[in-house]
Amino acid sequence: MVSKKSPEIAPLVLTQMQAALIAYDHTGKTVFLNDKAKVILGLGTDEKTIKKDPLEGHVDIVKVINTGDPSLDMVTPSKSQKTFFAHTFSLEIKNHKNGAISILFLADKAERMLLNRQGPSVEMVSDLEAIIENTYDGIYITDGNANTLKVNRAYERITGIKRREILGRNMRDLVASGTFDRSVSLEVIEKKTPVTIMQELRSGKKILVTGSPVFNSKTREIEIVVTNVRDITELIALKEELHERTLEANRYYAELEKMKTMQQQKAKFITKSRKMAEILETVIRAAQFDSNILITGESGVGKGLLAVLIHEASSRKEHPFVTINCAGIPEDLFESELFGYEPGAFSGASAKGKKGLLEVGDKGTVFLDEIGDMSLRLQAKLLRVIEEKEMTRLGSTRTIKLNVRIIAATNQDIHSMIEQKRFRQDLFFRINTISVMIPPLRERAEDVVPLIQHFTKKLNERYHIRKHFSPQAAQILMSYQFPGNVRELSNIVEQAFLMSKDDLVDALDLPVQVMGTLDAQRFIVNSADKSYNDIVNLMEYKILKNAVDKYGSTHKAARNLKISQSTIVRKLKKLNTMLIDEK
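Given the structure is predicted, the values throughout are model-derived calculations rather than measurements. (Residues numbered from 1 in each chain as written. Predicted model: local features only at pLDDT ≥ 70, side-chain atom pairs only at ≥ 80, totals over all residues. Heavy atoms only, no water.)

> Which parts of the structure should I look at to understand the nonpolar core?
Note on soluble globular proteins: their nonpolar side chains tend to be buried together. Counting 30 residues, the largest nonpolar core has Leu 358, Leu 368, Ile 371, Phe 423 and Ile 431 as its most contacted members. At five residues, helix α14 (residues 376-388) tops the list of elements feeding residues into this core. The contacts of Leu 368, once residues within four sequence positions are left out, are Ile 324, Cys 326, Leu 382, Ile 406, Ile 407, Ala 408 and Ala 409. Among the nonpolar cores identified, the runner-up in size contains 25 residues, and Leu 451, Leu 459, Tyr 480 and Phe 482 belong to it. (Core = buried A, V, L, I, M, F, W, Y, C linked by side-chain atoms within 4.5 Å. Buried < 20%, exposed > 50% of the residue type's maximum accessible area, 1.4 Å probe, protein only. Helix = DSSP H or I, 4+ residues; strand = E, 2+ residues; numbered from the N terminus. Contact = heavy atoms within 4.5 Å.)

> Looking at this model, I keep getting lost on helix α19 (residues 485-499). Mind explaining?
Given 3.6 residues per turn, any residue in an α-helix points the same way as the ones three and four places further on. Here α19 contains 15 residues, and its C-alpha end-to-end distance of 21 Å stays within 8% of the 21 Å for a straight helix at 1.5 Å per residue. Buried within α19 are the following residues: Asn 485, Val 486, Glu 488, Leu 489, Ile 492, Val 493, Ala 496 and Phe 497. Angularly, the buried residues of α19 cover 165° about the axis, an arc narrow enough to put them on a single face. For α19, the exposed residues set more than 90 degrees away from the buried face come down to Arg 487 and Met 499. (Expected span 1.5 Å × (residues − 1). Arc of directions from axis to C-beta.)

> I keep staring at the sheet that holds strand β15 (residues 365-369) and nothing clicks. Help me out?
To summarise the sheet geometry, strands pair through backbone hydrogen bonds and adopt either a parallel or an antiparallel arrangement. The strand order across the open sheet built from five strands is β12-β15-β18-β11-β19, with neighbouring strands paired in parallel fashion. Each edge of the open sheet carries a strand with a single partner, namely β12 (321-325) and β19 (434-437). Mean inter-strand twist for the sheet, computed between neighbouring axes without regard to direction, equals 20°. In the sheet, β15 pairs with strand β18 (residues 405-410) via five bridges, with the strands oriented parallel. When the bridges of β18 are listed, Asp 369 appears paired with Ala 409. Where helix α11 (residues 303-312) meets the sheet, its contacts fall on β11 (293-296), β12, β15, β18 and β19, and the angle it forms with β11 comes to roughly 155°. (Pairing = 2+ DSSP bridges. Axes fitted to C-alpha atoms, helices over the stretch in contact; angles between N-to-C directions.)

> Looking at this model, I keep getting lost on the packing of aromatic side chains. Mind explaining?
Each pair of aromatic rings is reported with the distance of its centres and the angle of its planes. Inspection of every chain in the model, using the stated rule, returns six aromatic pairs. Residues Phe 321 and Phe 367 carry aromatic rings whose centres are separated by 6.2 Å and whose planes lie at 20° to one another, so their mutual orientation is stacked. Highlighted residues: Phe 321 in strand β12 and Phe 367 in strand β15, separated in sequence by 46 residues. For Phe 321, a relative accessible area of 26% translates into the label partly exposed. The buried category is assigned to Phe 367, whose relative accessible area is 2%. Taking 4.7 Å as the distance between ring centres and 85° as the angle between the ring planes, the aromatic pair formed by Tyr 480 and Phe 482 counts as edge-to-face. For the pair Tyr 480 and Phe 482, a shared accessibility class is recorded, and that class is buried. (Phe/Tyr/Trp six-rings, centres within 6.5 Å; stacked < 30°, edge-to-face > 60°.)

Listed below in C-alpha cells is the structure:
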C-alpha cells in the first residue's frame, strides 16, 4: 500500500543527490533548492527563503507538469551571469502528478553554440526515473511507514529479487515471509539515523546496505527512506585474498628472519667445514623449540660457544643464559649453588637466603657444562627438576615453578658411564632429546686457517697493532694434530703473535711443541736430541725445499711464499751447509 505522503517524495529524494537541483510542487511553485543550485544561481547558501521563480521565467514549469514533456533550456540568471542548461521534467509516482524537477548543468561556449544551432532534443533528455534506473548501485525506496515505493534495475541484478515481488509491500511483511532476514529501512525508521549493515543473500553474495532517512522539513517526521545496496562479494574476496597474501608475506618474512638469524649465528662460529656447517644448521633449527640438547665432544672443541649460539637463536634470547660448571663446583657446595637455600638453612648460610642458579635461569637457558662429573645423588635431584619443572630450595618446603631449557655438555663417553653405573640412564634420556657431537679440530683441518685469522683479528683489535700469519706458519699449523682442539689453537696463535718481533708471524715464531712434532714429508720432525735452533733450521729448510719442489723453481716458490727469490737461494744454501756440517 502506498503512503498518502507519496506525492511529495520526488523532491525529497533529491536531497540524496549531488547535482544542482530545484524541485516544484504540482502547481509549479518552487519548494526546494539545494546548495549547489543556489551557487549556480548566484544565491547565498544561507538564504532560508526560497525565491518563487529562481529561473526567472526561462522555463515553463507549469507546461512541463501538465504535459509531462521534459524541456532543456539555456538560462543565464541576472545574479550569477553564468550560462547553464536547465533540464526540467515532471515527476509522477503511481499516476499522481507530484510536480517537477530541474537539474542544472553549467554550459561552456561550444555547448551554447550547439544548442543555438540544433535546439533541444528529446534524445538528450533523461528524467529522474532514468537516473535512478541506470544507477550502478541498487536503490530501494520506502515511505516513512516502510512501504516499498521504488526499486531499480541494479537492485534486481545484485539481489536476484524481482521488483514485482516487492513493490507496494511493507518491509515488515517481507521480513516475516523470509524474503529478507532483516530490513535496514525498518532500522532507520526506528533509530531515525542512517544505518549501514552487511547482509549475505541466499545466493551467497555479500551486500553492503546503507539506509538514509529523509525528513519532512516542518514535522521532522521521516518521509522516505532511501537505501543504497552495493555488491561487496568481490571486495570481500579481494580482502580475503589480501589477508592470505599478507599471511604469506609474513611467513616469508619470518623465514627470511630465520635465515638472517642463522647466518648471524653461523658467523659467530668460525668454520669452513661442511660437517660443522651441517651441525650449525641442525642446532639453529633445534633452537626454535624448547627440547633439551646434549652436546658431546673433546675438551676445547667449542661446546660452550655452541650452547650460547643455541640460546641466542631461540625465543629465550632475551632471558638469562646461566652456565653451571659441574666439574668446577665442590660437591658439598654444588647443591646449594644449584637449588639455592632459605635463610639459616645451614651453618654459614646467608641470613637473606640465596637463589639457586636454576632459579636465576628461569625463562631462559641453563647450560650444564661437563655434566658427566655430576654425582649420582645430584643427578637424581636434577632429573626431578627436569621432569616436574619445579624445584625446592634447601631448608624450604615450598616448591618453585621453573621454566628453563636445559643444554648439557660433556667430553666423556656417556654410554660407557651408564654401563659402569656412573651416570643415570633416565637422566640421559631426559637431556638427550637432541644430540650433537662436535668433531675435533684435527678432523676439520679446513677450519684452522679461518680460526687463525679470527684469533689474529681479535688480538690486533686488543693491542691496536696489525700482524698476520705467514703462509708457512699457517701450513705448519694445518699439519698439527691439536690435542687441545680450538682452545689450544687460540693459545698457540696468541703465543706466536706476542713472540713475533715483526708484523709477520712466521714459522720461526711458532711454539716449540708445534715445531717439534713435524715429520719429513709433512714438515714434521722428531725433536729428540735436537736443540730449538736445530729444529727451527731444519723446519725452515724443509719448508723452502718443499716449496721449490712443489712449484718447480725458486722464482715460483718465492711468488707463492711471498718472499724474494734471492732470499730463498741464500737460505737454502746456508741451511743446506749447516745441515751437512751437523751430519
